[in-house]
Amino acid sequence: MSMKHPIIVVTGSSGAGTTTVRHTFEAIFWREKVNAAIIEGDSYHRYTREEISALITDAENRGERGISHFGPEANLFEELENLFRTYGESGSGQRRHYLHSVEEAARRGLKVGSFTPWEDLPPDTDCLFYEGLHGAVVTDKVNTCRHADLLIGVAPITNLEWIQKIHRDTRTRGYSMEAVQDTILRRMHDYVHYIVPQFTHTHINFQRVPMVDTSNPFIARDIPTADESMVIIRFRDPRGVDFPYLLRMIHDSFMSRANTIVVPGGKLDLAMQLIITPLIWKLMERRRQWV
C-alpha cells in the first residue's frame, strides 16, 4: 500500500460491468479534480488477438485445452505487479493500450487486437486507476493485492455473465452458440482458479443478480436490464460504513447481512457515488499529507 501514490483497482470478469464502474470512477475523478493514470487490464495480455487464436487452435488440434485470457499463460501478471509496485513507490511506470475496435486501430495505424508501444505514465498523477480482469490476482509468484489501497470487485452471478457473453459473441461478433459454449468451457479452469478467488481479497464487492429467470442462459432471449436486477454490495470490513445514511439515500435498499446492503440495479451508479467518493477523499487527503 502506498500513502503517497495511491492505487485504486476495479477487478472483475468479462461482461461483469467493470466498464460501467470505470465510467462512474471517471465521473468522480472529474468532479473531485483527481488526475488519475488509467490502466486497462487488457493491455497486460501477453498475446495479440491473432497470436492467441493461433495458440488455441494448435492446442485443440493436439487434443489439449487451449489457453484463456483468464489464466497466467496469457497474461503479464508479473509485469502488472511490477507496475503497481513501481507506481506505489515513485508515482511512475509504463503502460500500453490494447486496440479493441477497428476505429481505434485505424487511428493508430495498427491491427485490431494488437497493442500500442509501451509509454511512460503521465507525470504528477494523483493516483493509479486499474480496471480489468486481474487487479487482485494472487498466484504462487504474484500478489497484486498487496500494492492496492482500494480494491473493488464487480461480479454478476455466473448465469448472467454467460448470458452477456453469449449475446455479445453471437450478435456482435458473429460466433455460433456452440463456439461460445466451447469458449466458456475452455475458460472454466482459469475462471475458477484466477478470477473467482480475487473477490475474497477485495474491500468492496458489487454483484448484480437478475430478478428474472436465467436458469438456462443458453436460451435467454435478452440480457436482464438494470431495472430487472438487484445489486448486492458487500464490505469486507463494515466498520465506519454509514449504513443508515445509505439506506436513507437509496430508495428500496435493505441490509441482508451486517456487512451487506442490497440496492435496486438502476441505483448502482448512485450507490457507487455515495460509497466510493468519501473513500477517494480519504486517499487524496492522505496523499496531501505525504506530499
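Our subject is the structure listed above.
We now turn to the structure provided with this report. (Residues numbered from 1 in each chain as written. Predicted model: local features only at pLDDT ≥ 70, side-chain atom pairs only at ≥ 80, totals over all residues. Heavy atoms only, no water.)

## With respect to the overall build of the protein chain
Applicable threshold: Secondary structure elements follow DSSP: runs of H or I no shorter than four residues count as helices, runs of E no shorter than two count as strands, and numbering proceeds from the N terminus. When accessible area is computed with a 1.4 Å probe and restricted to protein chains, residues below 20% of their type maximum are described as buried, those above 50% as exposed, and intermediate ones as partly exposed. Note on definitions: a residue-residue contact is assigned when non-hydrogen atoms from the two residues lie within 4.5 Å. Here, Shrake-Rupley sampling with a 1.4 Å probe gives the accessible areas, and only protein chains in the shown set may cover a residue. For the purpose of charge, His is not counted, nor are the chain termini; Lys and Arg are scored as positive and Asp and Glu as negative. A single reference atom marks each charge: NZ on Lys, CZ on Arg, CG on Asp, CD on Glu.
Helix and strand content of the protein chain: nine helices and ten strands. Out of the 291 residues in the protein chain, the part that is buried amounts to 49%. Taking the intrachain contacts of the protein chain between residues at least 6 apart in sequence as the baseline, contacts between residues at least 24 apart amount to 73%. Accessible surface computed for the protein chain: about 14,800 Å², of which carbon and sulfur atoms make up 52%. If the 34 positive side-chain charges of the protein chain are averaged to one point and the 37 negative ones to another, these points end up 3 Å apart.

## Some thoughts on the sheet that holds strand β1 (residues 7-11)
We count it as follows: Paired strands, as defined in this entry, are two strands with at least two bridges between them according to DSSP. Axis lines are fitted through C-alpha atoms, for helices just across the contact stretch, and the angle between N-to-C directions can take any value from 0 to 180 degrees.
If you trace the eight strands from one edge of the open sheet to the other, you get β2-β5-β1-β6-β7-β8-β10-β9, paired in mixed fashion. Of all the strands in the sheet, just β2 (36-40) and β9 (254-257) have a single pairing partner and so form its edges. Averaged over neighbouring strand pairs, the angle between their axes works out to 20° when direction is ignored. Pairing of β2 with strand β5 (residues 127-132), which is carried by five bridges, proceeds in the parallel orientation. Residue A37 lies in a different strand from β5, and its bridge partner there is L128. Against the sheet, helix α9 (residues 268-290) touches β1, β5, β6 (150-154), β7 (204-210), β8 (229-235) and β10 (260-264), its axis set at about 175° to β7.

## So, the pattern of salt bridges
Between side chains of opposite charge, a pair can form as their charged atoms come close. The cut-off we apply is this: The salt bridge definition used is simple: a Lys or Arg side-chain nitrogen within 4 Å of an Asp or Glu carboxyl oxygen.
Considering all chains together, one arrives at 14 salt bridges under this definition. One salt bridge connects K111 with E50, and the closest N-O pair in it is separated by 3.2 Å. Linking K111 in the loop between α4 (102-108) and β4 (119-120) with E50 in helix α2 (residues 49-61), this pair joins segments that are 61 residues apart in sequence. Pair check on accessibility: K111 and E50 agree, each one exposed. Note that E81 is salt-bridged to R146, the shortest N-O span being 2.8 Å. Taken together, the positions of E81 in helix α3 (residues 77-90) and R146 in the loop between β5 and β6 put the pair 65 residues apart, joining distant regions of the chain. Under the relative-accessibility criterion, R146 is labelled partly exposed at 47%. When salt bridges with common partners are traced through the structure, they connect R22, E26 and E131 into a single cluster.

## Observations concerning the pairing of β1
Within β1, five of the five residues are buried, which leaves the element mostly enclosed by the surrounding structure. Note: β1 against β5, five bridges, orientation parallel. The residue of β5 that forms the bridge with I7 is L128. Judged from the four bridges that link them, β1 and β6 form a sheet pairing that is parallel. The residue of β6 that forms the bridge with V10 is I152.

## Thoughts on α3
An α-helical turn contains 3.6 residues, so any two residues separated by three or four positions project in the same direction. Operational definition: Residue count minus one, scaled by 1.5 Å, sets the expected span of a helix. In this description, one arc is meant: the one made by directions from the helix axis to the C-beta atoms.
Taking 1.5 Å per residue as the helical rise, α3 with its 14 residues ought to reach 20 Å, and the 20 Å between its terminal C-alpha atoms agrees with that figure. Burial in α3 covers these residues: F77, L80, E81, L83, F84, Y87 and G88. Buried residues of α3 fall within an arc of 150° about the axis and therefore sit on the same side. The inward-facing, buried residues of α3 abut β1, β2, β3 (94-95), β5 and α6 (177-195). One or two steps after α3, the chain reaches G91, where phi turns positive at roughly 75°.

## Overview of the packing of aromatic side chains
Going by this rule: Planes of paired rings set the category: under 30 degrees apart is stacked, over 60 is edge-to-face and the rest tilted, where pairs are Phe, Tyr or Trp rings (Trp by its six-membered ring) whose centres lie within 6.5 Å. Each ring is checked for a lysine NZ or an arginine CZ that lies within 6 Å of its centre and within 35 degrees of its normal; such an atom marks a charge sitting over the ring.
Inspection of every chain in the model, using the stated rule, returns ten aromatic pairs. Residues W162 and F218 carry aromatic rings whose centres are separated by 5.9 Å and whose planes lie at 35° to one another, so their mutual orientation is tilted. In this pair, W162 sits in helix α5 (residues 158-172) while F218 sits in the loop between β7 and β8, placing the two residues 56 residues apart along the sequence. The class for W162 is partly exposed, based on a relative accessible area of 21%. Accessibility expressed as a relative area gives 25% for F218, which makes it partly exposed. Aromatic rings pair up to connect F25, F29 and F129 into one cluster. A cation over an aromatic ring shows up here: R96 above the ring of F115, its NZ or CZ 3.7 Å from the ring centre. Above the plane of the ring of F70 lies R187, whose end atom (NZ or CZ) is 4.7 Å from the centre.

## Structural notes on the environment of K282
You can see K282 is positioned in helix α9. Of the residues examined, K282 reaches a relative accessible area of 57% and is grouped as exposed. Expressed as a C-alpha distance, the spacing of K282 and S176, which sit 106 residues apart in the sequence, is 48 Å.

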